[in-house]
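So the chains spell out like this:
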Amino acid sequence: MSAPLIPNLFEVCEVLVLAIVWVIDQILYALAGLIPPLTGLAQWFDPVARQRLGMGPLGSELLIVVITWLIAVTVIVIWATLVNLLTMMWVERKFYSRLQDRYGIMISIWSLPFWPFNRARRPTHRGTGYLQNIADGVKLLQKENITPRNADSAMFHISPVLIASSTLMIFAALPWSSGFYVANLDLGILFIFAAFSLAPLGILIAGWSANNKYTLVGGLRAAAMLMAYEIPMILSVIALVFFTGSLNPLTIVRQQDRPLVSFGALSIPAWYVFSPQILGFIVFSVSMMAEMERIPFDIPEAEAELVEGWTTEYSGMRFGLVFGFKWLRMIAGAALIAILYLGGWSGPVFTTLSVGGVPVPIVPEEAWFLLKIYLISVVFIWISWSVPRVRIDQILNIGWKKLIPYSLGAIIIAAAAIASGLWSVG
Amino acid sequence: MSAVVTTSASITGRSVPGIEKEVLAQLKVVFGPKLKDAKVVRERLVELVIDRAELVAVCTYLKDTLGFEHLSCVTAVDWKDHFESIYHIENYYNGCMVQVNAQIPYDDPKIASLIGLWHAADFLEREMWDLMGVEYTGHPNLKRILLPEDFKFHPLRKEFAQEVDRQYITRRKLRGGK
Amino acid sequence: MPEFWINMGPQHPMTHGLWNMKVQVDGETVTDAKPEIGYLHRGYEKIMEVREFQKNVVLTDRLCYVSSITWSHAYCLAVEKMMGIETPERGQWIRVVALELQRIASHLMWLAAYGPDLGLLTGLLWALRERELFLDLIQLMSGARMNQNYPRVGGVRNDLPENFEAMCRRSIEHFLEKVDNEYQRVFQESKVFHMRTEGVGKISAADAIDWGVTGPNLRACGVNVDLRRLDPYEVYEEIDFEPQVWHDGGAGDSYARFVCRFNELRESCQIILQALEKMPKTGPYRVKAPRRAEGEGYAKTEDSRGEALFYVIGDGDDRPYRVKIRSPVFCTMAATPIMLRGNKLADSVAILGSVDVCVGEMDK
């Protein structure tokens with residue numbers, strides 16, 4: 001049982017907003033000395049004055065609520081993209097470079113050309129490499145955005161937006177701990193899958209609108225593959241729902257937070273991977289690898305004869321968006337696997353202190369969640385960079401003829417386990 | 001010694017010693033007066049010089065009866081008064097190679113194509129047409145292969161200027177010096 | 001859907017070298033193919049007629065730049081047959097060691113190119129890392145990593161340095177361990193690799209011989225022909241090695257070609273170790289060749305890609321009258337339509353990669 005670092009995102013953001021409002025208020029009061037009409041505005045922002053005037057707390061004003069929600073969403077987006085995306089890209093590039101027996105990316109703050117980072121006698125390109133991705137992003141920003149001449153301009157420009165926005169929508173419903181989320185939907189998992197599945201539409205539009213034989217083939221292959229692998233993914237989740245009885249990610253993680261079997265002090269938690277859902281776990285992971293377009297399933301994108309596949313004609317930051325959001329989808333996919341099967345953000349029992357009845361985390365839930373996400377991603381990256389690519393008809397073969405029967409088998413196993421009383425719902 | 005090709009021939013991967021003399025003897029028996037010259041150059045190499053009219057007959061005999069299944073190389077040489085189309089044909093069963101020099105008159109550079117016997121002649125003869133201008137009659141697709149389609153000359157001929165003749169001429173030479 | 005022609009190349013990230021493959025596709029299946037070559041034609045045979053015999057070695061190095069010693073050696077052998085001279089014994093053994101080192105380096109370059117064709121990008125870096133070992137050995141022996149200008153008409157340019165044998169043994173030991181542990185696992189024991197290469201790009205033995213395919217591509221069809229055994233040159237008669245022929249039947253696909261070429265890596269290592277033991281420790285390595293020569297000479301060697309044949313005619317001058325270069329890839333390229341027909345478009349890169357095309361020798 002561990003505790004979240006951020007117990008409730010909205011309240012934390014509200015505290016932040018109120019603090020900013022207080023600072024603005026002091027400035028307004030100071031200005032009100034010079035410009036008397038500002039006193040009313042300053043009093044509107046001041047909670048003490050509001051109470052005296054009988055106006056109701058500041059937190060219930062629509063303006064403040066809207067601003068707080070915007071800040072909460074921004075925090076989630078920045079957390080997901082600016083922090084996690086960059087770190088995930090760094091982890092991937094370093095890890096696969098080490099697999100290939102080379103150092104990997106090494107641009108860091110010591111490569112910056114101004115003081116205090118430009119060292120006189122030490123090498124500049126021997127750092128950890130974290131800033132390399134930022135440098136690549138800046139490089140892509142300053143490139144020319146070329147549109148092919150006969151391309152369907154509207155569709156060509158809208159499809160990166162479609163892909164990026166549908167991927168970011170996932171993070172509206174994906175919780176990072178029991179308090180760090182934007183929306184707590186009862187059908188959260190369904191919403192996340194729906195947002196995931198919008199991307200193949202964007203890929204198909206991108207491939208078709210670029211007026212290029214190769215991108216068209218790449219886009220069609222991507223659409224075929226992604227459609228084929230949605231089905232076993234969702235069927236495995238249906239098998240899981242037999243056990244959980246709910247599609248709310250918070251509920252699912254809470255159900256996995258208890259010990260399954262105890263050996264004295266140590267215990268195996270009741271994660272769904274240790275239950276009869278193991279078959280569903282395997283099917284879900286393989287389908288997720290295909291959905292994330294990783295090698296061995298990356299036929300649409302980096303096919304040897306299709307140059308860059310459906311992303312060939314994109315240049316500049318459009319390419320950056322499309323290319324970078326592949327990693328964001330990997331984070332979302334790994335997060336889904338962690339929530340559904342690996343216990344989400346629940347950590348072992350001994351990582352909480354109880355201070356006056358309030359659980360204070362030694363290792364907060366976010367940390368466990370991030371640990372699990374990164375470990376799953378590292379496993380995916382490891383597999384990706386060690387095997388060749390599978391051909392498109394072989395991929396479709398595996399999807400339709402092997403994974404769907406296995407996922408149906410998982411449903412039957414789940415139903416049998418419930419009916420025979422081996423596992424009880426919830 | 002035993003016959004050159006047995007009925008149940010299989011490729012052992014090793015050559016049969018002394019095979020070149022047997023091959024030469026058999027060729028002399030079948031084609032005697034038509035061979036302008038026939039000799040054993042060294043072990044596993046027999047050389048024949050024939051006129052272009054007997055080419056198909058000799059090669060058919062080599063392939064069907066003696067088991068020379070591999071056409072290794074087709075060369076054309078410009079001897080300034082006649083052309084020569086040289087074929088290197090190899091036998092995988094006994095390791096022997098036969099070099100057939102077919103003489104072609106200079107003003108009529110045509111010779112029969114061997115594509116009916118070996119498909120390897122496809123690209124090899126096209127290359128010789130392209131570079132030397134020897135026309136292989138019966139070739140289904142005698143087009144340029146290495147040079148561009150619209151190139152007008154056959155560069156390997158001796159009349160096509162050599163590199164040293166086309167070199168940069170110094171101003172001193174142009175003014176009449178050395 | 002009507003059939004239409006797709007151009008693979010000449011600018012393509014995965015066809016190694018500069019050539020164009022037109023494939024006619026019906027949906028996803030290839031119905032016909034037409035290779036278009038000649039983008040790298042440099043007029044070798046014409047240039048070699050105005051250089052002295054020895055100076056042509058610089059040119060023949062660059063015919064197939066990945067495997068340069070084997071090509072220069074074939075040329076020197078042809079000229080020696082024409083002149084009637086023979087390399088002394090230590091020179092022949094040194095030539096064998098150089099040839100086999102170059103063969104390993106060339107096969108590793110092929111392996112490094114074949115991995116990314118299939119999507120296995122790690123294979124590129126591992127194979128190039130091992131190739132560095134052999135390029136270092138070649139540099140120790142001849143002074144340069146590529147285009148070394150090492151064989152001479154009558155021998156080799158210089159003797160092996162003193163620490164060569166120790167370094168060679170150490171590199172080969174390290175390399176054999178890597179081959180068995182890393183490459184074997186990442187390529188042959190991978191199920192996806194089998195899925196991509198088995199049954200793909202088949203050519204029958206009769207077709208292969210008919211179209212002039214030689215080398216590992218022919219041995220993958222089950223035909224036991226290795227020119228080092230069938231028509232031995234240098235001291236290959238005294239070395240005990242096994243030509244890698246595919247035995248299992250169902251031969252001629254990309255997987256068989258891969259296995260035959262891959263196992264040649266191990267065989268070449270054994271040949272080098274045997275040669276280092278058996279060669280005479282001292283002795284002349286070069287014989288002075290006459291300046292002018294008349295006659296004709298031909299030499300046939302087992303190059304990394306097949307049968308390399310040089311036919312040299314001299315007319316008494318100090319330059320050749322005619323040099324003919326027979327390149328194995330040139331003839332194999334004629335047979336690629338047979339390998340491609342009936343397979344899927346996505347397999348074409350895997351098939352062409354397994355054939356090991358080096359455009360330098362194809363286009364001369």
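On a predicted model such as this, the values are computed, not experimentally measured, just so you know. (Residues numbered from 1 in each chain as written. Chains lettered and ligands numbered in written order. Predicted model: local features only at pLDDT ≥ 70, side-chain atom pairs only at ≥ 80, totals over all residues. Heavy atoms only, no water.)

(A) Region of interest: the overall build of chain B. Within chain B one finds four helices and seven strands. Put simply, chain B runs from its N terminus to its C terminus through helices and strands in the order α-β-β-α-β-β-β-β-α-β-α. Computed over the C-alpha atoms, the radius of gyration of chain B is 20 Å, more than 25% above the 16 Å expected from 2.2 N^0.38 for a compact globule of 178 residues. Each principal axis of the C-alpha atoms in chain B carries an extent, and together these give about 70 × 35 × 35 Å. (Helix = DSSP H or I, 4+ residues; strand = E, 2+ residues; numbered from the N terminus. Rg over C-alpha atoms; globule rule 2.2 N^0.38 Å.)

(B) Expanded view of the packing of helix α4 (residues 89-118) of chain C against helix α13 (residues 348-355) of chain C. Residues and elements named next belong to chain C. Contact geometry for α4 and α13: axes closest at 9 Å, N-to-C directions at 175°. Judged by the angle between their axes, α4 and α13 are roughly antiparallel. Residue-level contacts link Trp110, Tyr114, Asp117 and Leu118 of α4 to Val349, Ala350, Gly353 and Ser354 of α13. (Axes fitted to C-alpha atoms, helices over the stretch in contact; angles between N-to-C directions. Parallel < 35°, antiparallel > 145°, perpendicular 65-115°, else oblique. Contact = heavy atoms within 4.5 Å.)

(C) Molecular detail of the interface of chain C and chain B. Counting residues at the interface gives 44 residues for chain C, matched by 52 residues for chain B. A combined buried area of about 4,100 Å² lies between chain C and chain B, and 57% of that area is made up of carbon and sulfur atoms. Among the residues of chain C in contact with chain B, Lys46, Leu230 and Tyr321 of chain C are the three that bury the most area, contributing 17% of the side total. Applying the counting criterion to the chain C and chain B interface returns five salt bridges. The residue aspartate 231 of chain C makes a salt bridge to arginine 44 of chain B at a minimum N-O spacing of 2.6 Å. Our count for the contact surface shared by chain C and chain B stands at 23 residue pairs in polar contact (both at pLDDT 80 or more). Contributing elements (two or more residues each) for the side of chain C that touches chain B: α1 (44-47), α8 (205-211), α10 (227-230), β6 (294-303), β7 (306-315), β8 (320-326), α12 (328-340) and α14 (359-363) of chain C. A class-by-class count of the residues in the side of chain C that touches chain B yields 23 nonpolar, five polar and 16 charged. (Buried area = accessible area lost by both parts, 1.4 Å probe. Salt bridge = Lys/Arg side-chain N within 4 Å of Asp/Glu carboxyl O. Polar contact = N/O pair within 3.5 Å; in protein donor to acceptor, adjacent residues only side chain to side chain. Nonpolar A, V, L, I, M, F, W, Y, C, P; charged D, E, K, R; others polar.)

(D) Local environment of the sheet that holds β8 of chain C. Residues and elements named next belong to chain C. A sheet is described by the order of its strands in space; here three strands give the open sequence β6-β7-β8, paired in antiparallel fashion. Both outer strands of the open sheet, β6 and β8, are each paired with one neighbouring strand and no more. Averaged over all neighbouring strand pairs, the angle between strand axes comes to 10°, with direction disregarded. Strand direction decides the pairing type here: β7 and β8, joined by six bridges, are antiparallel. Opposite valine 312, over in β8, you have valine 323 as the bridge partner. The strands that α12 touches are β6, β7 and β8; relative to β7, the one it contacts most, it runs at about 130°. (Pairing = 2+ DSSP bridges.)

(E) The interface of chain A and chain C, seen in detail. The interface of chain A with chain C comprises 23 residues on the first partner and 31 residues on the second. Carbon and sulfur atoms make up 60% of the area that chain A and chain C hide from each other, which totals about 2,200 Å². Here chain A is connected to chain C by two salt bridges. Our count for the chain A to chain C interface comes out at seven residue pairs in polar contact (both at pLDDT 80 or more). Where the side of chain A that touches chain C is concerned, the elements lending two or more residues are α8 (213-244) and α13 (392-419) of chain A. Ranked by the residues each element gives to the side of chain A that touches chain C, the list is headed by α13 of chain A, at four residues. Looking at side-chain class alone, the side of chain A that touches chain C contains eleven nonpolar, three polar and nine charged residues.

(F) Up close: the pattern of salt bridges. Residue and element names in this part refer to chain C. This structure, assessed with the given rule, holds 46 salt bridges over all chains. For aspartate 226, the salt bridge is made with arginine 228, and the minimal N-O distance between the two is 3.1 Å. Linking lysine 300 and aspartate 231 is a salt bridge whose minimum nitrogen-to-oxygen distance equals 3.1 Å. Of this pair, lysine 300 sits in strand β6 while aspartate 231 sits in the loop between α10 and α11 (254-278); the two residues are 69 residues apart in sequence, bridging distant segments of the chain. Judged by its relative accessible area of 4%, lysine 300 falls in the buried class. The exposure class assigned to aspartate 231 is buried, which follows from its relative accessible area of 10%. A single salt-bridge network, built from bridges that share partners, covers Glu100, Arg103, Arg219, Asp226, Arg228, Glu264 and Glu302. (Buried < 20%, exposed > 50% of the residue type's maximum accessible area, 1.4 Å probe, protein only.)

(G) Looking closely at the packing of aromatic side chains. Scanning all chains against the criterion turns up 42 aromatic pairs over all chains. Considering the side-chain rings of tryptophan 90 of chain A and tyrosine 130 of chain A, the 6.1 Å spacing of their centres and the 55° angle between planes classify their relative orientation as tilted. Here tyrosine 130 of chain A lies in the loop between α4 (62-99) and α5 (132-141) and tryptophan 90 of chain A lies in helix α4, a separation of 40 residues in the sequence. The class for tryptophan 90 of chain A is partly exposed, based on a relative accessible area of 24%. Here the aromatic residues Trp110, Tyr114, Phe187, Phe193, Trp246, Tyr255, Phe258 and Phe262 of chain C are joined through ring pairs into a cluster of three or more. The residue whose ring lies beneath arginine 126 of chain B is phenylalanine 123 of chain B, and the NZ or CZ to ring-centre distance is 5.7 Å. (Phe/Tyr/Trp six-rings, centres within 6.5 Å; stacked < 30°, edge-to-face > 60°. Lys NZ or Arg CZ within 6 Å of the ring centre and 35° of its normal.)

(H) Examining the nonpolar core more closely. If you look at the biggest cluster of nonpolar residues, it comprises 98 residues, and the most contacted ones within it are Phe171, Trp176, Phe284, Leu336 and Leu340 of chain A. In this view, phenylalanine 284 of chain A contacts Phe193, Met233, Ser236, Val237, Leu336, Ile337, Leu340 and Tyr341 of chain A; residues no more than four positions away in its chain are not counted. Residues Ala98, Leu118, Ile271 and Ala299 of chain C belong to the second largest nonpolar core, which totals 86 residues. (Core = buried A, V, L, I, M, F, W, Y, C linked by side-chain atoms within 4.5 Å.)

(I) Structural context of the confidence of the model for chain B. Residue and element names in this part refer to chain B. For chain B, mean pLDDT is 85; residues scoring 70 or higher make up 93% of the total. Every residue in residues 1-8 is under pLDDT 50, and counting partners more than four places away or in other chains gives 14 contacts. Two numbers describe this predicted complex: its pTM, 0.89, and its ipTM, 0.88. (pLDDT = per-residue confidence, 0-100.)

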